[in-house]
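Residues per chain are reported as follows:
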Amino acid sequence: MKICIYAICMNEEDNAENFWESAKDADHVVVLDMGSIDNSVPTLRTLGAKVVETGHYSGSMRFDGARNECLKLVPDDCDLCVVLDLDETLSLGWREQLEYDYSKGVTGMYLWIHEKGKPPVKQMRVHTREGYKWRFPVCEELYSDVPKNEFTSLLTITHSPNAEKKYPRKEMLKLAVKESPTSDKLALALALEYFNDEDYLAAAMWLETLLSHANVKPVLRSYASVLNARIEYRLDGVMNWERWCYKAVAECPQWRDAWYELSMMLTRTDQHHAAYQAASMAVSLVTMQHESFTNLDAWSGKVYMMAAKAAEKLGLRGGAEGFYIRGCRVFPHDKKLAEEYGKFLS
């Protein structure tokens, strides 16, 4: 079988060698350069990649358009296509794993993407030569209009960005939601852009748009409620903040992150009995739902510390010590948790 790795590039000179070391076992490596002004192009060509230059996307950038143009460069006789970014590397032994996966008749594969400090997320990154295209100007994704057989591979991708790349993300998202107004992912992404820019009214408007969509999955409805709660907190709407936190746990009771958020809110408003109950519930939920918006604090020693401190406030020293002990067993290298447990014992 033949495998092609394809990628788009914009000023990735520093990542070129690591990318090539990971990709070189492919039969073909093709790169569409979007107008780099560093040494990305000559470096990649020297290493052995086929690079096609175009300045078109650097001025009026659409990531789906760029990836579809790059996909056209993949030779017709390739059986599988793997999409990587220049700051990503595949796990060792990736070719043997793909050959095994392909023997089962799959047309597309989801791979886990790992980035330091962020939750792992699953994305479609491997697909057959025909039947797939990219959509959305930003937050782009693969899709297929033909019958397909897709599954999650054991392969992983490590994402190691050197620095935040600057591009007109908000404007691209506005275009994306205009073209695809029913996309939950795009509505959430635009809401987050406004939230991070502290334009809370615009963020709330897009969250309302998201929640008006049909068939929004429960964890996404819960996260939208969490964001609404954070907006209310920043706008000093304490009562609405509490209402949205309770709505978050009601939308997806099995999502630990929502209970963690609720417990934080209750702690800040000195509702210690309810905070203890919420923190206890958070600790009891042990299955992580791998989403891009997963709050890693809810899956760290902090959740045990929160439960222990809530128990202390109620005079439940035995319960507090139990949470400290459990937390230290699960997170033996958490210095802050160990320090707080030491203070509790002293």
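Residues numbered from 1 in each chain as written. Predicted model: local features only at pLDDT ≥ 70, side-chain atom pairs only at ≥ 80, totals over all residues. Heavy atoms only, no water.

A.B. asks: Give me the nonpolar core: which residues, what numbers.
C.D. replies: Formed by 90 residues in total, the largest nonpolar core has its most connected members in Y6, V74, L188, W255 and L262. Among all residues touching V74, those that are not within four sequence positions of it are C4, Y6, V30, C81 and R129. Ranked by size, the runner-up nonpolar core spans 30 residues in total, among them I3, A16, L44 and V121. (Core = buried A, V, L, I, M, F, W, Y, C linked by side-chain atoms within 4.5 Å. Buried < 20%, exposed > 50% of the residue type's maximum accessible area, 1.4 Å probe, protein only. Contact = heavy atoms within 4.5 Å.)

A.B. asks: Would you mind going over the environment of D25 in detail, with residue names and values included?
C.D. replies: Mapped onto the fold, D25 is located in the loop between helix 1 (16-23) and strand 2 (28-33). Taking relative accessible area as the criterion, D25 reaches 49% and is therefore assigned partly exposed. Note: C-alpha distance between D25 and C4 (21 residues apart in sequence) is 9.5 Å. (Helix = DSSP H or I, 4+ residues; strand = E, 2+ residues; numbered from the N terminus.)

A.B. asks: Describe the packing of aromatic side chains, and please don't skip the residues or the numbers.
C.D. replies: Evaluated as defined, the whole model comprises 10 aromatic pairs. Above the face of the W134 ring, R67 is positioned so that its terminal group lies 5.2 Å from the ring centre. Stacked on the ring of W299, the Lys or Arg R256 has its end atom at 4.2 Å from the ring centre. (Phe/Tyr/Trp six-rings, centres within 6.5 Å; stacked < 30°, edge-to-face > 60°. Lys NZ or Arg CZ within 6 Å of the ring centre and 35° of its normal.)

A.B. asks: Go over the pattern of salt bridges, please, and point to the residues and values.
C.D. replies: Under the counting rule described, the total for this entry stands at 27 salt bridges. In this structure, D77 and K2 form a salt bridge, with 2.8 Å as the shortest nitrogen-oxygen distance. Of this pair, D77 sits in the loop between helix 4 (63-72) and strand 4 (80-83) while K2 sits in the segment before strand 1 (3-9), and the two are 75 residues apart along the sequence. What makes D77 partly exposed here is its relative accessible area of 43%. Relative accessible area serves as the criterion here: at 34%, K2 is assigned to the partly exposed category. Of the charged contacts, one joins E115 and K118 as a salt bridge, the two residues approaching to 3.6 Å between their closest N and O atoms. With a relative accessible area of 48%, K118 lands in the partly exposed category. (Salt bridge = Lys/Arg side-chain N within 4 Å of Asp/Glu carboxyl O.)

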